[in-house]
Amino acid sequence: MESGKNIKFCCILFLLILYFLVICREGRAQPLPLTVLTSEKVYQGYDQAFEDLWNVVVLDLSYQQITFNAERVSRLENLRVLNLAGNPGLNFEETFSKKYFGGLQYLQVLNLQDNNLNYLPTGSTRFPFLSMLFAGKNRISQFPESLCEAKNLSVLSLRHNKIRELPDCISKLDSLQTLDLSGNPNLDPATLFTKLNMLKNLKKLYLSECGFKDIPLEISQLQGLEMLNLAQNQLNNPPQYLFHLSGLSEINLSSNQITRLPDDIGHLERLEVFVLGKNLLQTIPPSIGLLQNLQYLDLSGNRLQSLPDSLFRLKGLKELNLSNNQLEKLSHLIGEIESLQALNLAGNKLKNLPFELEYCKELVYLNVTGNSFTADEKTAIRQKFVNVQIVF
């Protein structure tokens, strides 16, 4: 009788353990939110990871000059984030074989930057939960079609490679929201934007340092874009339709050769960040005053001698960079931007500041280096703005 109870107890215990293991496996087979991943302990190096195999969620092996693959990595069953940047001595085809990292099921974030890769290793794109892939600073010339099968991929960086074109299958990347192709000078903008229009959920697009001289009409179909970076290209007069991407909250056009802006900039009603530094602008169109959601405006490094009155009607502006222009005076209307927190006027031709600047009660930073202020004027400025960090 007693032995029968023991057998029954053992059977129940076995079923409970089996149930527990199934529940654990099912729970593990779900992608973890980014907020959870960023709060996890970061294990650095094989030795540290192998001492605590079960608990390793984030493994950082970057820039450790690793030249061998350790079989024990296949036991890192809970690994979600793997950073292998800066290890060009590794045999990456072997690294992502089933014997090593390729046998792991739950990897979500993978960093392969700066490894002199000519192509993405075969197994590196086959993780079912892969959501972020960073493969910049390599020598990749062809977008791997296997990557099109990464259904959960939301962030992809192929910056500073030798990519020439995107494949048609990129349309399968329904989850892709952020794409960084900066520093790929072999891209043809006409064919590029035709392919980009297939990405229906694309929100952030980085295309700096691509050597673009113009932007084709096809960009106007990317109405879902929220952030666009076209810095360090060779743009002269950006087309009107560029400023009809009504969903943009941030656009970076710095370090181009822009001589003028169309009035159409006023259509960017949701814009919060507008970066136009290091161009050849002599004037700013009055329509800039329509950007009532603007919080950060960078006009530094241009040839501005004056500013439109409408600019000072940007009631939500918090940071204004006017450094390295040719301004001889600052309008008294500056006082109307009561929300202004940081003002950079360095490298102009100013001799004094309007007293209305005192109305900017939120101001905490003021840079006026490289102007023509007398010693008395500097003293007066210090006395007026005692709670402001002033750089002379």
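Residues numbered from 1 in each chain as written. Predicted model: local features only at pLDDT ≥ 70, side-chain atom pairs only at ≥ 80, totals over all residues. Heavy atoms only, no water.

Remarks on the overall build of the protein
Note the cut-off: Strands are runs of DSSP state E lasting at least 2 residues, helices are runs of H or I lasting at least 4, and numbering of each runs from the N terminus. Atoms counted for the radius of gyration: C-alpha only. Globule rule: 2.2 Å times the number of residues to the power 0.38. Remark: exposure states derive from per-residue accessible area (1.4 Å probe, protein chains only) relative to the maximum for the residue type, with buried under 20%, exposed over 50%, and partly exposed in between. Throughout, a residue-residue contact means that at least one pair of heavy atoms, one from each residue, lies within 4.5 Å. Areas reported as accessible are Shrake-Rupley estimates using a 1.4 Å probe. Residue values count occlusion only from the protein chains shown. Within this scheme the basic residues Lys and Arg register as positive and the acidic residues Asp and Glu register as negative, but His and the chain ends are omitted. Where a charge lies is defined by one atom per residue type: Lys uses NZ, Arg uses CZ, Asp uses CG and Glu uses CD.
Helix and strand content of the protein: 6 helices and 16 strands. Taken over C-alpha atoms, the radius of gyration comes to 27 Å for the protein, far larger than the 21 Å a tight globule of 392 residues would show. Along the three orthogonal principal directions, the C-alpha set of the protein runs to about 100 × 50 × 40 Å. Here the protein holds 392 residues, and the buried ones make up 50% of them. Pairs at least 24 apart in sequence give 33% of the contacts found in the protein among residues at least 6 apart. In the form shown here, the protein has an accessible surface area of approximately 19300 Å², with 49% of it arising from carbon and sulfur atoms. Taken as two groups, the 37 positive and 39 negative side-chain charges of the protein have centres that lie 3 Å from each other.

Observations regarding the pattern of salt bridges
Stated precisely, the cut-off is as follows: Salt bridges are defined by distance alone: a side-chain nitrogen of Lys or Arg within 4 Å of a carboxyl oxygen of Asp or Glu.
Following the criterion strictly, the structure yields 5 salt bridges and no others. Salt-bridge contacts for Glu-336 lead to Lys-315; the nearest nitrogen and oxygen are separated by 3.6 Å. Taken together, the residues Glu-336 in the loop between strand S13 (319-321) and strand S14 (342-344) and Lys-315 in the loop between strand S12 (296-298) and S13 connect sequence positions 21 residues apart. Assessed through its relative accessible area of 33%, Glu-336 is described here as partly exposed. With relative accessibility at 44%, the residue Lys-315 sits in the partly exposed group.

A look at the state of the cysteines
Keep this limit in mind: A pair of sulfur atoms, both from cysteines and within 2.5 Å, is called a disulfide here.
Under the defined criterion, the tally for this structure stands at 1 disulfide. Unpaired in terms of disulfides, Cys-210 finds its nearest cysteine sulfur in Cys-148, a separation of 19 Å. A residue is classified by how much of its surface remains accessible, and Cys-210, at 2% relative accessible area, is buried.

A word on the confidence of the model for the protein
Under the convention used in this document: Residue-level confidence of the predictor is what pLDDT reports, using numbers from 0 through 100.
The pLDDT averaged across the protein works out to 93; a share of 93% of its residues lies at or above 70. A low-confidence stretch, residues 13-27 (pLDDT under 50), is modelled with 2 contacts involving residues beyond four sequence positions or located in other chains.

So, the nonpolar core
Stated formally: Here, nonpolar core means buried Ala, Val, Leu, Ile, Met, Phe, Trp, Tyr and Cys residues that are tied together by side-chain atoms lying within 4.5 Å of each other.
If you look at the biggest cluster of nonpolar residues, it comprises 110 residues, and the most contacted ones within it are Phe-101 and Phe-274. For this core, the secondary-structure elements that each account for two or more residues are helix H3 (46-50) and helix H5 (189-196). Ignoring sequence-local partners within four residues, the contact set of Phe-101 consists of Tyr-46, Leu-59, Leu-61, Val-73, Leu-76, Leu-79, Leu-82, Leu-84, Thr-95, Phe-96 and Phe-127. Counting 7 residues, the second-largest nonpolar core is a separate cluster that includes Leu-37, Val-57, Val-58 and Val-155.

Some remarks on the packing of aromatic side chains
Aromatic rings considered in pairs are described by the distance between their centres and by the relative angle of their planes. Spelled out, the test is: Paired rings are identified among Phe, Tyr and Trp, the last through its six-membered ring, by centres lying within 6.5 Å, and are further divided according to the angle between planes into stacked (under 30 degrees), edge-to-face (over 60) and tilted (the rest).
Evaluation of the coordinates by the stated rule reveals 5 aromatic pairs. Ring centres 5.6 Å apart and planes at 55° place the aromatic pair Tyr-46 and Phe-68 in the tilted group. Within this pair, whereas Tyr-46 is found in helix H3, its partner Phe-68 is found in the loop between strand S2 (58-60) and strand S3 (81-83), the two being separated by 22 residues in sequence. By relative accessible area, which is 10% here, Tyr-46 ends up buried. For Phe-68, a relative accessible area of 48% translates into the label partly exposed. Their ring planes at 15° and their centres at 6.2 Å tell us that Tyr-106 and Phe-129 sit as a pair that is stacked. One end of the pair, Tyr-106, is in the loop between helix H4 (92-95) and strand S4 (109-111); the other, Phe-129, is in the loop between S4 and strand S5 (132-134), with 23 residues separating them in the sequence. Cluster of aromatic residues (ring-pair linked, three or more members): Tyr-46, Phe-50 and Phe-68.

Quick look at H5
Test applied: The directions considered for the arc are those from the helix axis to the C-beta atoms.
Buried residues of H5: Pro-189, Leu-192, Phe-193, Lys-195 and Leu-196, and no others. The arc that holds every buried residue of H5, seen down its axis, measures 155°, which confines them to one face. Tucked inside the fold, the buried residues of H5 contact strand S7 (178-180) and strand S8 (204-206).

Observations concerning the environment of Ser-208
Keep this limit in mind: N or O atoms closer than or at 3.5 Å make up a polar contact, with two conditions inside protein: a donor-capable atom paired with an acceptor-capable one, and, for residues adjacent in sequence, both atoms drawn from side chains.
On the secondary structure map, Ser-208 appears in the loop between S8 and strand S9 (227-229). In this structure Ser-208 comes out as buried when scored by relative accessible area, which is 9%. C-alpha of Ser-208 to C-alpha of Pro-354: the two residues are 146 residues apart in sequence and 37 Å apart in space. Ignoring any residue separated from it by four or fewer positions in sequence, one finds Ser-208 in contact with Ser-182, Gly-183, Asn-229, Leu-230, Ala-231 and Asn-233. Here Ser-182 takes part through its side chain, which lies 3.0 Å from a polar atom of the side chain of Ser-208.

Description of the side chain of Asn-279
Mapped onto the fold, Asn-279 is located in the loop between strand S11 (273-275) and S12. A polar side-chain atom of Asn-279 sits 3.1 Å from the main-chain amide nitrogen of Ile-258. Residues within four places of Asn-279 in sequence aside, it is in contact with Leu-253, Ser-254, Ser-255, Asn-256, Gln-257, Ile-258, Gly-301 and Asn-302.

Regarding unusual backbone geometry
Non-glycine residue Gln-65 carries a positive phi angle of around 55°. By secondary structure assignment, the location of Gln-65 is in the loop between S2 and S3. Gln-65 gets classed as exposed once you look at its relative accessible area, which sits at 58%. Positive phi is not limited to glycine here, since Ser-255 has a value of about 55°. The topology assignment puts Ser-255 in the loop between strand S10 (250-252) and S11.

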